[in-house]
Amino acid sequence: MTLHDIIHPLKPKMQDVITHFEGELKSVRTGRAHGGLVENITVSYYGTETPIKQMAGITVPEATQLLITPWDRQALGDIEQAIRQANLGINPTNDGQAIRIILPALNEERRRDLVKQIGTMAETARISLRNLRKDAWEQVQKAEKSGDLPEDDRYRGEEELNKLIDDFNKQVEEKVKAKEQELMSL
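Residues numbered from 1 in each chain as written. Predicted model: local features only at pLDDT ≥ 70, side-chain atom pairs only at ≥ 80, totals over all residues. Heavy atoms only, no water.

Examining helix 2 (residues 10-26)
So, point 1. A rise of 1.5 Å per residue sets the reference length of helix 2, with its 17 residues, at 24 Å; its end C-alpha atoms lie 25 Å apart and thus fit the reference within 8%.
So, point 2. For helix 2, the secondary structure elements touched by its buried residues are helix 1 (3-7), helix 4 (108-145) and helix 5 (151-185). (Helix = DSSP H or I, 4+ residues; strand = E, 2+ residues; numbered from the N terminus. Expected span 1.5 Å × (residues − 1). Contact = heavy atoms within 4.5 Å.)

This is the structure we're talking about:
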């Protein structure tokens, strides 16, 4: 086992953490309507948990309004119920054809709560990144103890792992700052 065999598979896993974090950030409501707010909410649809984006068209007719038009009108009630249960602080209205969501303006207190929520999401992402790094570091140490990896490679591996975790933590921070700025500037 070489150092490359340990560190190379780590990058895509860390990128998956960042991708998941970006998806979570999309679900945080800012002042403008966007489909990412509701597209991944799962609905119990004929016994299967299905994301809204797979069962309805999501449009933004106005800056503060979402329109969800299901392809099967029988699902209107289920979609409405799933949105209410998602605790997004929004109130969907069902007109029999589609579901409209009008986003109220965010007050200062709600913005601060959302910033805290973003911080919690970021910390979860950082913990996931640290756990991936820890697992890789344990593999490096194990490989060195078993004689598969020279001592120099262990030190080089530690440096590479530290650089990798720093790079990915920096990406998390940049995304948090961008989202906070978007939230506070509206």
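Observations concerning the side chain of Q65
So, point 1. Of note, Q65 is situated in strand 4 (residues 65-70).
So, point 2. Of note is the side chain of Q65, whose polar atom sits 2.9 Å from the side chain of R100.
So, point 3. Those residues in contact with Q65, other than ones at most four positions away along the chain, are A33, T59, V60, R100, I101 and I102. (Polar contact = N/O pair within 3.5 Å; in protein donor to acceptor, adjacent residues only side chain to side chain.)

Quick notes on the sheet that holds strand 4
Note on sheets: strands pair through backbone hydrogen bonds, and any given pair is parallel or antiparallel.
So, point 1. Read from one edge of the open sheet, 4 strands run 3-4-6-5, paired in antiparallel fashion. The sheet terminates laterally at strand 3 (56-62) and strand 5 (92-94), the two strands that pair on one side only. Going from strand to strand, the sheet's axes swing by 25° on average, the running direction of each strand aside.
So, point 2. Both strand 3 and strand 4 contribute to a ladder of 5 bridges, which runs antiparallel. Following the sheet pairing, A56 is matched in strand 4 by P70.
So, point 3. Docked against the sheet, helix 3 (residues 76-85) engages strand 3, strand 4, strand 5 and strand 6 (99-102), running at close to 165° with respect to strand 5. (Pairing = 2+ DSSP bridges. Axes fitted to C-alpha atoms, helices over the stretch in contact; angles between N-to-C directions.)

Overview of the confidence of the model for the chain
So, point 1. Across the chain, the average pLDDT comes to 88, with 99% of residues at or above 70.
So, point 2. When mean pLDDT is taken per element in the chain, helix 2 scores highest with 92 and helix 1 scores lowest with 87. (pLDDT = per-residue confidence, 0-100.)

Concerning the packing of helix 4 against helix 5
The relative placement of two packed helices is expressed as an angle between their axes plus a distance between the axes.
So, point 1. Running from N to C, helix 4 and helix 5 cross one another at 170°; their axes reach a closest spacing of 10 Å. Relative to helix 5, the element helix 4 lies roughly antiparallel.
So, point 2. Residues belonging to the contact of helix 4 with helix 5 are distributed by class as follows: 16 nonpolar, 2 polar and 13 charged. (Parallel < 35°, antiparallel > 145°, perpendicular 65-115°, else oblique. Nonpolar A, V, L, I, M, F, W, Y, C, P; charged D, E, K, R; others polar.)

Looking at the environment of I68
So, point 1. Here I68 lies in strand 4.
So, point 2. For I68, a relative accessible area of 0% translates into the label buried.
So, point 3. Along the sequence, I68 and M55 sit 13 residues apart, while their C-alpha atoms lie 9.6 Å from each other.
So, point 4. I68 has contacts with V38, I52, A56, G57, I58, I79, I83, A98, I99 and I101, leaving out every residue within four places of it along the chain. (Buried < 20%, exposed > 50% of the residue type's maximum accessible area, 1.4 Å probe, protein only.)

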